[in-house]
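Tertiary structure, described
Residue strings, one per chain:
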Amino acid sequence: MTDFIPPAKPLIGEEERAAVDRVMRSGMLAQGPEVAAFEQEYAEHFGLGRACVAVNSGTSGLHLGLLSAGVKAGDEVIVPSFTFAATANSVALTGATPVFADIQADSFCLDPVSVENAITERTVGIMPVHLYGHPADMAGLQAVADKHSLQIFEDAAQAHGASLGGTPVGAFGSFAMFSLYPTKNMTSGEGGMVTAATPEIERLLRLYRNQGMQRQYENEVVGFNNRMTDIHAAIGRVQLTKVDGWTKQRQSNAAYLTAHLEGVTTPPVADGAIHVYHQYTIRVADDRDGLAKALREEHNIGSGMFYPIPNHRLAPFQSPVDLPATEQAAQECLSLPVHPSLSDADLERIVTAVNALARAGA
Ligand SMILES: *Cc1c(COP(=O)(O)O)cnc(C)c1O
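Treat the numbers as computed from the prediction; the structure is a model and nothing was measured.

**Topic: helix α1 (residues 14-26)**
- For α1, with 13 residues, the first-to-last C-alpha span of 18 Å sits near the 18 Å given by 1.5 Å per residue.
- Where α1 is concerned, the buried positions are E16, A19 and V23. All buried residues of α1 project into a common sector of 60 degrees when viewed along the axis, lining one side. Exposed residues on α1 whose side chains face more than 90 degrees from its buried face are E14 and R25.

Written out as structure tokens, the structure reads:
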């Protein structure tokens, strides 16, 4: 049988190994100069025009971002249900309540109309997810936020380098979080990068990350140990020099898939949006699970379902809301391999297999 095509593949090279070795030899392992350099380089690289604060995971980044933006028990934050559970988890961890809104069918991202309908007197913010690397409808969401005096918080976990109308994601909200988990578009091993819209949010992020201390043993607030280590930052700094090339390769792989797939719905890109294809997600209207199983068993091709159970139906959240676009996406979504290590032959195999299965299923 042909080689297995994995659904994702972290790329770690000699340069990352050398960087880790350099830090290990320095003897300074915890948060230090590598983290500071990574924060600066990250902000510059993506043209964010604001401060970045590195933390030990994307989820911690969302949690500390929400706390720094003033979200507290009794508040409500509107989130999509069609996302990874970390989005709603981070809201719940502050003591606030995640309130679920529906998505736009084409972008899979939060729908401003559904968001507006979910607003109550307790709502303090809206947290869109730039799902799969496609920016959410920030103009529509900003209009709703402005009308109701709400903050916007960006879950940009999957969207390093994505932009809308020339503005990079991560520069829209009170804060934004990029995940650096190994399967994301770039990694530090584990980690998260948080952008801050104001010096005060930046200050609070740095405090919460480090036990509430800016100066040692002069604790100002109750904080966490959510620091990034210099070892992880060193990996991230190297990845930063490679991510643009990988993104171009993802975009070129996606263009090939969109040009050649038949019998399934390929992912559109909104006007003015740059999609960085963390996932390339098609819709299979009929028997998505069967197609995924056949891809794996008959063609040795991996795929993913992100996400098969909407968050509002997960055990911790159990919300009676009716989200038809979310339910349909959860049933139809299938993410095909799009990562930068695919060969031309891999892409041809994926297209041939999906088209044959879609034809047979029709
Ligand atoms: C990965 C991810 C997170 C969490 O990031 P971690 O670094 O794994 O903690 C949050 N939201 C979304 C949409 C993600 O994909």
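**Here we look at unusual backbone geometry**
- Following F306, the chain continues to Y307 via a peptide bond in cis, the omega torsion being 15 degrees.
- Tracing the sequence through the fold places Y307 in the loop between α10 (288-299) and α11 (324-332).
- Of note in the backbone geometry, N300 takes a positive phi value of approximately 60 degrees without being a glycine.
- Checked against the element boundaries, N300 lands in the loop between α10 and α11.

**Details of the domain arrangement of the chain**
- When the domains of the chain are assigned, the result is domain 1 (14-240) and domain 2 (243-359).
- The straight-line distance from the C-alpha centre of domain 1 to that of domain 2 is 25 Å.
- Between domain 1 and domain 2, the residue contacts involve 38 residues of the former and 36 residues of the latter.
- Between domain 1 and domain 2, a total of about 2,900 Å² is buried, with carbon and sulfur atoms accounting for 60% of that surface.
- In terms of surface lost to domain 2, no three residues of domain 1 exceed F100, Y132 and N185, which account for 24% of the buried area on that side.
- For the pair domain 1 and domain 2, the interface holds zero salt bridges.
- At the boundary of domain 1 with domain 2, the tally comes to 19 residue pairs in polar contact (both at pLDDT 80 or more).
- Sorting the residues of the side of domain 1 that touches domain 2 by element identifies α4 (86-93), β3 (97-101), β6 (163-164) and α8 (230-240) as the ones contributing at least two each.
- A class-by-class count of the residues in the side of domain 1 that touches domain 2 yields 20 nonpolar, 14 polar and four charged.

**Points about the site of the ligand**
- In the neighbourhood of the ligand, 16 residues make up the surrounding shell, with T59, D155, Q158, S179 and K184 lying closest.
- Interatomic distance of 2.8 Å between a backbone N/O atom of G58 and an oxygen atom of the ligand.
- Between the ligand and K184 there is a distance of 3.2 Å, counted from an oxygen atom to a side-chain nitrogen or oxygen.
- Relative to its free-state accessible area of 380 Å², the ligand is covered by the protein chains to the extent of 93%.
- Contributions of two or more residues to the shell around the ligand are made by α3 (58-68), α4 and β8 (175-179).
- When the residues that make up the shell around the ligand are grouped by side-chain class, the tally is six nonpolar, eight polar and two charged.

**Some thoughts on the environment of H232**
- Tracing the sequence through the fold places H232 in helix α8.
- Separated by 203 residues in the primary sequence, H232 and L29 have C-alpha atoms spaced 9.2 Å apart.
- Contacts of H232, omitting those with residues within four sequence positions, involve S188, G189 and E190.

**Regarding the sheet that holds β6**
- Taken in spatial order, the three strands of this open sheet run β7-β6-β10, and their pairing is antiparallel. For this open sheet the edge positions go to β7 (167-168) and β10 (273-274), each flanked by a neighbour on one side alone.
- Bridging between β6 and β10 involves two bridges; their strand directions are antiparallel. Looking at the pairing, L164 lines up with A273 of β10.

**Notes on the pairing of strand β4 (residues 123-126)**
- One ladder, built from three bridges, connects strand β2 (residues 76-80) with β4; its direction is parallel. If you follow I78 over to β4, its bridge partner there is I126.
- The sheet contact formed by β4 and strand β5 (residues 151-155) spans two bridges and is parallel. Of the residues in β5, the one forming a bridge with G125 is Q151.

**Some thoughts on the packing of α3 against α4**
- Running from N to C, α3 and α4 cross one another at 40 degrees; their axes reach a closest spacing of 9 Å. Regarding the angle of α3 to α4, the classification is oblique. For α3 against α4, the interelement crossing comes out right-handed. Along its contact with α3, which presents T59, L62, H63 and L66, the element α4 presents A86, T87, S90, V91 and L93.

**Considerations on the sheet that holds strand β9 (residues 192-196)**
- Pairing is mixed across the open sheet formed by seven strands, whose spatial order is β1-β9-β8-β5-β4-β2-β3. Either end of the sheet is taken by a strand with one partner, and the two such strands are β1 (51-55) and β3. Averaged over neighbouring strand pairs, the angle between their axes works out to 25 degrees when direction is ignored.
- The strands touched by helix α7 (residues 199-209) within the sheet are β1, β8 and β9, with β1 carrying the most contacts at an inclination of about 15 degrees.

**Considerations on helix α9 (residues 243-260)**
- Helix length check: α9 (18 residues) gives 26 Å between terminal C-alpha atoms against 26 Å at 1.5 Å per residue, within 8%.
- Inspection of α9 places V243, W246, T247, R250, N253, A254 and L257 among the buried residues, and these make up the whole buried set. For α9, the angular spread of buried residues about the axis comes to 125 degrees, placing them on one side. Relative to its buried face, α9 has exposed residues pointing more than 90 degrees away, namely K248 and A259.

Rules used in this analysis
- Residues numbered from 1 in each chain as written.
- Predicted model: local features only at pLDDT ≥ 70, side-chain atom pairs only at ≥ 80, totals over all residues.
- Heavy atoms only, no water.
- Helix = DSSP H or I, 4+ residues; strand = E, 2+ residues; numbered from the N terminus.
- Expected span 1.5 Å × (residues − 1).
- Buried < 20%, exposed > 50% of the residue type's maximum accessible area, 1.4 Å probe, protein only.
- Arc of directions from axis to C-beta.
- Domains from an automatic or database assignment.
- Contact = heavy atoms within 4.5 Å.
- Buried area = accessible area lost by both parts, 1.4 Å probe.
- Salt bridge = Lys/Arg side-chain N within 4 Å of Asp/Glu carboxyl O.
- Polar contact = N/O pair within 3.5 Å; in protein donor to acceptor, adjacent residues only side chain to side chain.
- Nonpolar A, V, L, I, M, F, W, Y, C, P; charged D, E, K, R; others polar.
- Near = heavy atom within 4 Å.
- Areas by Shrake-Rupley, 256 points an atom, 1.4 Å probe, with all protein chains shown as cover.
- Pairing = 2+ DSSP bridges.
- Axes fitted to C-alpha atoms, helices over the stretch in contact; angles between N-to-C directions.
- Parallel < 35°, antiparallel > 145°, perpendicular 65-115°, else oblique.
- Left-handed = near helix turned anticlockwise from the far one by under 90°.

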